[in-house]
Protein chains: 2
Amino acid sequence: MTDFAATRAQFHLPDGVIYLDGNSLGPLPIAAERRVAKMLREEWGEQLIRGWNTAGWMVQPRRIGDRIGRLIGAEQGAVTMGDTLSIKVYQALASALELNPSRKVVLSDSGNFPSDLYIAQGLLASLGRGLTLKVVEPEEVEAAIDGSVAVLMLTEVDYRTGRLHDMRALTGRAHAAGALTVWDLAHSAGALPVDVAGAGADFAVGCTYKYLNGGPGAPAFIYVAPRHHETARPALSGWLGHEAPFAFDLDYRAGRGIERMRVGTPPVMALTALDAALDVWDIASIEDVRAKSIALCDLFIREVEERCPDLALASPRDGQQRGSQVSFRHGQGYAIMQALIARGVIGDFRAPDAIRFGFTPLYIGEEEVLGAARILAEIVGGRLWDRPEYHRKALVT
Amino acid sequence: MTDFAATRAQFHLPDGVIYLDGNSLGPLPIAAERRVAKMLREEWGEQLIRGWNTAGWMVQPRRIGDRIGRLIGAEQGAVTMGDTLSIKVYQALASALELNPSRKVVLSDSGNFPSDLYIAQGLLASLGRGLTLKVVEPEEVEAAIDGSVAVLMLTEVDYRTGRLHDMRALTGRAHAAGALTVWDLAHSAGALPVDVAGAGADFAVGCTYKYLNGGPGAPAFIYVAPRHHETARPALSGWLGHEAPFAFDLDYRAGRGIERMRVGTPPVMALTALDAALDVWDIASIEDVRAKSIALCDLFIREVEERCPDLALASPRDGQQRGSQVSFRHGQGYAIMQALIARGVIGDFRAPDAIRFGFTPLYIGEEEVLGAARILAEIVGGRLWDRPEYHRKALVT
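Cut-offs and rules
Residues numbered from 1 in each chain as written. Chains lettered and ligands numbered in written order. Predicted model: local features only at pLDDT ≥ 70, side-chain atom pairs only at ≥ 80, totals over all residues. Pairing = 2+ DSSP bridges. Helix = DSSP H or I, 4+ residues; strand = E, 2+ residues; numbered from the N terminus. Axes fitted to C-alpha atoms, helices over the stretch in contact; angles between N-to-C directions. Contact = placed C-beta atoms within 7 Å. Buried ≥ 20, exposed ≤ 12 C-beta atoms within 10 Å, placed from the backbone. Core = buried A, V, L, I, M, F, W, Y, C linked by C-beta atoms within 7 Å. Nonpolar A, V, L, I, M, F, W, Y, C, P; charged D, E, K, R; others polar. Left-handed = near helix turned anticlockwise from the far one by under 90°.

What follows concerns the sheet that holds strand 7 (residues 149–155) of chain B. Residues and elements named next belong to chain B. Reading across the sheet, the seven strands line up as 4-10-9-8-7-5-6 and stay open at both edges, with mixed pairing between neighbours. The open sheet has two edge strands, strand 4 (79–81) and strand 6 (132–136), and neither has a second partner. Taken over all neighbouring pairs, the strand axes of this sheet differ in orientation by 20° on average, direction set aside. Two elements, strand 7 and strand 8 (residues 180–184), share five bridges in a ladder whose sense is parallel. Residue pairing for strand 8: Leu154 is matched across the bridge by Trp183. Strand contacts of helix 4 (residues 60–71): strand 4 and strand 10 (221–224), with the helix running at about 125° to strand 4, the strand carrying the most contacts.

Written out as structure tokens, the structure is:
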């Protein structure tokens, strides 16, 4: 059984804060400070350019990719790191489309993170050829998978509500219809058990600043099923995906396996922080995290519903159908969240009306859940959100 | 006049090393250690998600973009940061091609960095439509600019030899022929005065880990001429390039001006280190850096040619025609460089036969130039490169 006191001790959490936004940005792993300082002084500072070989910088993307791969059920050597999630969505979708050249439709849903849809729109506008993006409601996805679909592109956990898609069932359905799949695991990796290999996913991508605690703007990951390793053409064909980057040939030749999904020079400092952040998984099991996450979310729903009849649950009530977050709707959601933050309870707001709370058992326990529910009830019950400063829109919500 | 003792004091340089590879990876700016540590503990650690507003993370890309913009002659608000150079090449080239839809040819040269050519090959393979990449020798570029060329895509300074293209003349020639330009400033920014606005460049891109000392894998920059701000369509259309990222609309609408060239969540830690690295430009003038760089390169050429008749100068002899590096050719170049590194003189090797030395006056002076020439002469004269360990190929050269 995972010792959650021990996992919590690995994070820096500020005094007076109940942090329920690890689904947006995980907290600082204390080890990251030391490891980044060491990377700066002992690696970059002392080894300089030699660090690419002597400090292992060049192999970081694949080594760390495998660490994440173990959390998402990937085969060894099937995950690499780099760029941002949006870029990795582009790479995965472009590759998947080329592997299914006779079809014209990318199928997604309105619960996908908007950037994934934007990236698809941009890619399809570039490609032309009559390719179209079809966006249906989440519950209509299964019925919409037909013989026109080239690629089914979904985010497993809805960023607004936490609603969970059945990756295995939908992937099976897509394959039966002759479509490939691109899964975005932004709200899955580190939050719940994922089995990309078992589900038969073709491509999967994700970010590492949420439940993997890599820090603001931490690098993304991409998974490519081994059966596609030698046939997927990277549309973003940068030198580090080349078979021999330091031969400096004038013609691109895709590298072996997942290496071809690398693009440019890897972000060493950010990967170093992420590597430290992943150490917590040496003492935590994702199954234990999942079980406790469901319990904490259930407790929060119960406590909030008892005290706040004005809030409407936006998340599935059944923990098995939900990621590691709970959202409620309220017309004054934005101001309520500002009032909560002013009281030290940090969640976030997602337009148009959702207040969202992430529960990450690595560093959150029952005490925080009860505290947050109590303060939320005080604010909603007492209309304490009704102050001008809580209605001022910030740049980032 | 720039005080080069003061600029040098801003960098950590290891004992016993003459570092002539700042054209590949600049050394650690001492301030970066403190600033990154502060960002980790006081910003990420204490402010958590709030840091996007309170620590200014969301506006970092444009703020730092403007700092770099001042070094390359860009208009205010015309440069932003993020991703890697290869990704920014893709963005710039894709946008430029769309702005010139009736033409079919991307013109480049064999002195372009291979990743730029690879990216172009990947993009054109995706787009189809009969688009082709034409690669000529550097000296043939001007003559090859004709009415078929959609985009002229060049790196100003040749990574192998330091040969400098005339950005203003070639851009004028391209425009006269109805072509747009994409300039890669990887070996220019921070090395020599650049005037993208004055030259009329349409797009420019660059990395920040060379002469801008941002650290291994530091983020790239992209410049878009203001006349294209509202018409350039970002092929990589991620959420942070959206007009209103936090509205979470389902449809992409390009943001205003350079903001649309942003893609995913910005790499805050890396941008923080880069921001610290740019402080040296508060006390250094790029004109002084350029003048001293030419003097140092000239001195190195003179010293090496006097002592090493076996080495053939690969760089232009005229400093005005050269970036901030000097290369020599030798059949045993790889082993010679390994022997140099073993003696503490760090340059690098570029296949097939070039040994390459970067001279960055911010932290390199005459003493290092003379020391490096002396050691190089000992190695070449005494054939001290003739040891098995110097012939073993490293992953990164």
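All names here are of chain B. Buried residues dominate strand 12 (residues 325–329), accounting for four of its five residues. Two strands pair when backbone bridges link them, and strand 11 (residues 312–313) and strand 12 are joined in this way by two bridges, in the antiparallel orientation. From the neighbouring strand, Leu313 faces strand 12, where its bridge partner is Phe328. Direction of pairing for strand 12 relative to strand 15 (residues 354–358): antiparallel, over a ladder of five bridges. Bridging across to strand 15, Ser327 finds its partner in Arg356.

A word on the nonpolar core. Within the largest apolar cluster, 270 residues are counted, with the highest numbers of intra-cluster contacts made by Leu93(A), Val151(A), Tyr223(A), Leu93(B), Val151(B) and Tyr223(B). Residues within four places of Tyr223(B) in sequence aside, it is in contact with Gly69(B), Ile72(B), Ala74(B), Ala78(B), Val79(B), Val196(B), Phe203(B) and Ala204(B).

Further remarks concern the interface of chain B and chain A. Contacts between the two partners involve 76 residues from chain B and, on the opposite side, 76 residues from chain A. For the side of chain B that touches chain A, the secondary structure elements donating two or more residues are helix 2 (30–47), helix 3 (51–54), helix 5 (85–98), helix 6 (114–127), helix 10 (268–277) and strand 14 (348–350) of chain B. Here the residues of the side of chain B that touches chain A are counted per class, giving 48 nonpolar, 20 polar and eight charged.

Turning to the packing of helix 2 (residues 30–47) of chain A against helix 10 (residues 268–277) of chain A, a few remarks are in order. All names here are of chain A. Packing of helix 2 against helix 10 brings their axes to within 8 Å, and their N-to-C directions diverge by 145°. By crossing handedness, the relation of helix 2 to helix 10 is classed as right-handed. For the pair helix 2 and helix 10, contact is made by Ala31, Ala32, Arg35, Val36 and Met39 and by Val268, Met269, Thr272, Ala273, Asp275, Ala276 and Ala277, respectively. In the contact of helix 2 with helix 10, the residues fall into nine nonpolar, one polar and two charged.

Quick look at unusual backbone geometry now. Omega for the peptide link from Ala351(A) to Pro352(A) comes to 5°, which places this bond in the cis form. Looking at the element boundaries, Pro352(A) is found in the loop between strand 14 (348–350) and strand 15 (354–358). Of note, Arg383(A) is a non-glycine position whose phi angle comes to about 45°, a positive value. On the secondary structure map, Arg383(A) appears in the segment after helix 13 (366–381). For Arg383(A), a count of 13 C-beta atoms within 10 Å gives the class partly exposed. Although it is not a glycine, Asp83(B) sits at a positive phi angle of roughly 60°. Summarising the element assignment, Asp83(B) is placed in the loop between strand 4 and helix 5. Residue Asp83(B) is classed as buried on the basis of its C-beta count, with 33 C-beta atoms lying within 10 Å.

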